[in-house]
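So you can see what is in the structure, the chains are spelled out below.
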Amino acid sequence: MIRGYFALTHPGVSRPYTPNHPPVPLLDVVIWVPDLPGSSPIVVSFLVDTGADMTVLHPQDSERLITTADQWQWIRGRPTLSVGGAGHGMPHYSVDASIFLMHVDKSVSYHDFKLYIAEPHAGNQINESLLGRDVLRHYVTSFDGVEGLTLTGPS
């Protein structure tokens, strides 16, 4: 079992969520883009989004992963996709990535997947990175007011 948490604010966003909304589900995972020259794995607090088709890294996290002009040039040379929702109309660069999720018993699940990195712009600087169904499909995801956020599996 993998345990996430609910929060009233996201650790990477300086504004609180709307007080009328329930707390948001977050999950801390390690992301690595092995083909990105000079890259190192980073920990990302993803918003668990069962409505997102794909996992997206927004600037608050991508700017920790991609730290040099040469790395951004490499990213901008990857295939792009335009999406709806958060980041609508801006390019999202597709890269091969690895995700590592820690279970409560300290074992680790690992998946290779396509990560989409949003082009930084004024409109997405405070967007949370989204953990989408491309990763969540491997798990049974439960949002429970008592037990919290849990992922069981993988399937």
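Residues numbered from 1 in each chain as written. Predicted model: local features only at pLDDT ≥ 70, side-chain atom pairs only at ≥ 80, totals over all residues. Heavy atoms only, no water.

Chemist: Talk me through the packing of aromatic side chains; I want residue IDs and the actual numbers.
Modeler: Enumeration according to the criterion identifies two aromatic pairs in this entry. Ring centres of Phe-6 and Phe-143 lie 6.5 Å apart, and the angle between their planes is 50°; this geometry places the pair in the tilted category. Of this pair, Phe-6 sits in strand β2 (residues 5–7) while Phe-143 sits in strand β10 (residues 140–144), and the two are 137 residues apart along the sequence. By relative accessible area, Phe-6 is classed as partly exposed at 32%. Classification of Phe-143 as partly exposed rests on a relative accessible area of 41%. Directly above the aromatic system of Trp-74 lies the positively charged group of Arg-78, at a separation of 4.1 Å from the ring centroid. (Phe/Tyr/Trp six-rings, centres within 6.5 Å; stacked < 30°, edge-to-face > 60°. Helix = DSSP H or I, 4+ residues; strand = E, 2+ residues; numbered from the N terminus. Buried < 20%, exposed > 50% of the residue type's maximum accessible area, 1.4 Å probe, protein only. Lys NZ or Arg CZ within 6 Å of the ring centre and 35° of its normal.)

Chemist: Any chance you could break down the pattern of salt bridges for me, citing the residues and the numbers?
Modeler: Scanning all chains against the criterion turns up four salt bridges. One salt bridge connects Arg-76 with Glu-119, and the closest N-O pair in it is separated by 2.9 Å. Of this pair, Arg-76 sits in helix α2 (residues 69–76) while Glu-119 sits in the loop between β8 (108–118) and β9 (130–131), and the two are 43 residues apart along the sequence. Judged by relative accessible area, Arg-76 falls into the partly exposed class, the value being 41%. Between Asp-96 and Lys-114 there is a salt bridge; the shortest N-O distance is 2.6 Å. Here Asp-96, found in strand β7 (residues 91–102), pairs with Lys-114, found in strand β8; they are 18 residues apart in sequence, far enough to count as distant. Residue classification places Lys-114 among the partly exposed residues on the basis of a relative accessible area of 39%. (Salt bridge = Lys/Arg side-chain N within 4 Å of Asp/Glu carboxyl O.)

Chemist: Could you give an account of the side chain of Asn-124, with specific residues and numbers?
Modeler: Tracing the backbone shows Asn-124 in the loop between β8 and β9. Overall, the relative accessible area of 1% leaves Asn-124 in the buried class. One polar contact links the side chain of Asn-124 to the main-chain amide nitrogen of His-121, over a distance of 3.0 Å. Every residue in contact with Asn-124, bar those within four places of it in the chain, is listed here: His-58, Pro-59, Ala-118 and Glu-119. (Polar contact = N/O pair within 3.5 Å; in protein donor to acceptor, adjacent residues only side chain to side chain. Contact = heavy atoms within 4.5 Å.)

Chemist: So what's going on with unusual backbone geometry? Which residues, and what values?
Modeler: Note on backbone geometry: most residues besides glycine have negative phi, and most peptide bonds are trans. Here the phi dihedral of Lys-106 falls at roughly 75°; this positive angle occurs in a residue that is not glycine. Judged by its relative accessible area of 62%, Lys-106 falls in the exposed class.

Chemist: Residue-level account of the environment of Val-83, with values.
Modeler: When you line up the elements, Val-83 lands in the loop between β6 (80–82) and β7. Overall, Val-83 belongs to the buried group, its relative accessible area being 13%. With 30 residues separating them in the primary sequence, Val-83 and Asp-53 have C-alpha atoms 9.8 Å apart.

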